[in-house]
Amino acid sequence: MPMKVLIVDDTNTDRLLLKLHLSKLGYRTIEASNGKEAIEQFIANSDDLDLILMDVQMPYLNGFDAVRSIRDIQEQQKQEWLPVIFLSASAEDDDVEDGILAGGDDYLIKPISQKILSAKMLAMQRIADMRRRLVESNLVLEELASTDHLTGVANRRAFEVMLEREMSFTRRYGVPMACAIFDLDKFKMVNDTYGHDAGDAVLVEVVRRITKNLRDGDAIGRLGGEEFGMILPKMPVDEVLAAFERYRAIVAEHPVIHEGVEIPITASIGVAGYTGKKEDKLALLKRADECLYEAKETGRNKVVY
Ligand code: GH3
Ligand code: MG
Ligand code: MG
Ligand code: MG
């Protein structure tokens, strides 16, 4: 992907020449005519900007000050480093040093030959490609680290993050929510009777049934083994039981068919409501777990709230 370059220069002809030259080389360009505009353009394009070419002498806000502001914003918002090259008529050593200290990565002296600029851009394109690959592989790693590989839903870590977020929403806005631990009944027997592969297939199918019927906003994660967590945000206290009863019924309604064999399956659900009191996520899950224990003790295939 060719770089998107922000060209900052108060002299219209300089800006235009740069733009023409870069466009000819295939780069995408946007422009600003002073430091203040440069910051605005940086903010508006921070998602996909690859490079800033920054003039130094400009009215309103000079290039050094503009870059200092941009670096501050990046640090506050924990953004990736964005390369900046100063373009200046001054060849003073002190100015070059000041430019780098202000947050520039390079400093070219005007007038800049087309050859030097083309070569510089090639080097910057290599860096931009590397940055993009890093961002992409980070996204893949994050996805892997938060997904349960068998069922494809959130793993325990990611589930707890979602739960934390939902609880803080409830604390802030006072909108009640519910969470639950959902555990397959006599699952050890499923493995013992039909084999471990059949057990895996049941886990996948149960998750498929629930996610297919998930009410908008509801979430599920695998806490481990045959145990899942569910979050039902914005759930009035008097509707909690019915909502989980619906999920229980969806799982138990039909046997799972694996390699032509019918495997009957049920689940027990322990539910804890949350209305915003001071309580952490582990305490909330513990309340759900106590209800799950009661569901198991009193016959399974039921919801206890
Ligand atoms: P209960 O109704 O009391 O929950 O009984 P249970 O048999 O479901 O509970 P228990 O905790 O005794 O057994 C859980 C079983 O789940 C044991 C383990 O072999 C099985 N299990 C855990 N993770 C997996 C998995 O990824 N795949 C398969 N096939 N089985 C799993
Ligand atoms: Mg100027
Ligand atoms: Mg179980
Ligand atoms: Mg269990």
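Structural data are supplied above this passage.
All of these numbers come straight from a predicted model, not from anything done at the bench.

A. Structural context of the site of ligand 1. Close contacts around ligand 1 come from 16 residues, with D185, F187, K188, G199 and G225 the closest. The element best represented in the shell around ligand 1 is helix α8 (residues 196–212), accounting for four residues. A breakdown of the residues in the shell around ligand 1 according to their chemical character gives four nonpolar, four polar and eight charged.

B. Just the sheet that holds strand β5 (residues 106–109), in detail. Spatially, β2-β1-β3-β4-β5 is the arrangement adopted by the five strands of the open sheet, whose pairing is parallel. Sheet topology places β2 (28–32) and β5 at the edges, where each strand pairs with a single neighbour. For this sheet, the mean angle separating the axes of adjacent strands, direction not counted, is 20 degrees. Across four bridges, strand β1 (residues 4–8) lies against strand β3 (residues 51–55) in parallel orientation. Note that in β3 the partner of I7 across the bridge is L53. Together, β1, β3 and β4 (84–88) form the strand contacts of helix α3 (residues 63–76), whose direction differs from that of β3 by roughly 150 degrees.

C. How the structure looks around the pairing of strand β11 (residues 267–274). Within β11, eight of the eight residues are buried, which leaves it mostly tucked inside the rest of the structure. Alternating residues of β11 divide into A267, I269, V271 and G273 and S268, G270, A272 and Y274, and every residue in both groups is buried. Summarising the sheet, strand β6 (residues 177–184) and β11 pair through eight bridges and their orientation is antiparallel. From the neighbouring strand, I181 faces β11, where its bridge partner is G270. Of the strand pairs in this sheet, β11 and strand β12 (residues 303–304) are connected by two bridges, and their pairing is parallel. Its bridge partner being in β12, I269 is matched across the sheet by V303. In the classification by handedness, the crossover that spans β11, the intervening helix α10 (residues 281–297) and the parallel β12 is left-handed.

D. How the structure looks around the nonpolar core. Residues A178, C179, A180, M230, I269, V271 and A288 are the most contacted members of the largest nonpolar core, which totals 44 residues. Of all the elements, β6 adds the most residues to this core, at seven residues. In contact with A178, not counting residues within four places along its chain, are L232, M235, V240, V271, A272, G273 and Y274. Counting 32 residues, the second largest nonpolar core, distinct from the first, contains V5, L22, I70 and M124.

E. Geometry of unusual backbone geometry. Here the amide bond leading from K110 into P111 is cis, since omega sits at -5 degrees, within 30 degrees of zero. A positive phi angle, near 45 degrees, is found at K186, a position not held by glycine. Checked against the element boundaries, K186 lands in the loop between β6 and α7 (187–194). Positive phi is not limited to glycine here, since K234 has a value of about 45 degrees. Along the chain, K234 turns up in the loop between β8 (227–232) and α9 (240–252). On the basis of neighbour counts, which here come to 16 C-beta atoms within 10 Å, the residue K234 falls in the partly exposed class.

Each value, and the rule that gives it
- Residues numbered from 1 in each chain as written.
- Chains lettered and ligands numbered in written order.
- Predicted model: local features only at pLDDT ≥ 70, side-chain atom pairs only at ≥ 80, totals over all residues.
- Near = placed C-beta within 6 Å.
- Helix = DSSP H or I, 4+ residues; strand = E, 2+ residues; numbered from the N terminus.
- Nonpolar A, V, L, I, M, F, W, Y, C, P; charged D, E, K, R; others polar.
- Pairing = 2+ DSSP bridges.
- Axes fitted to C-alpha atoms, helices over the stretch in contact; angles between N-to-C directions.
- Contact = placed C-beta atoms within 7 Å.
- Buried ≥ 20, exposed ≤ 12 C-beta atoms within 10 Å, placed from the backbone.
- Right-handed = clockwise from strand over helix to strand, strands pointing away.
- Core = buried A, V, L, I, M, F, W, Y, C linked by C-beta atoms within 7 Å.

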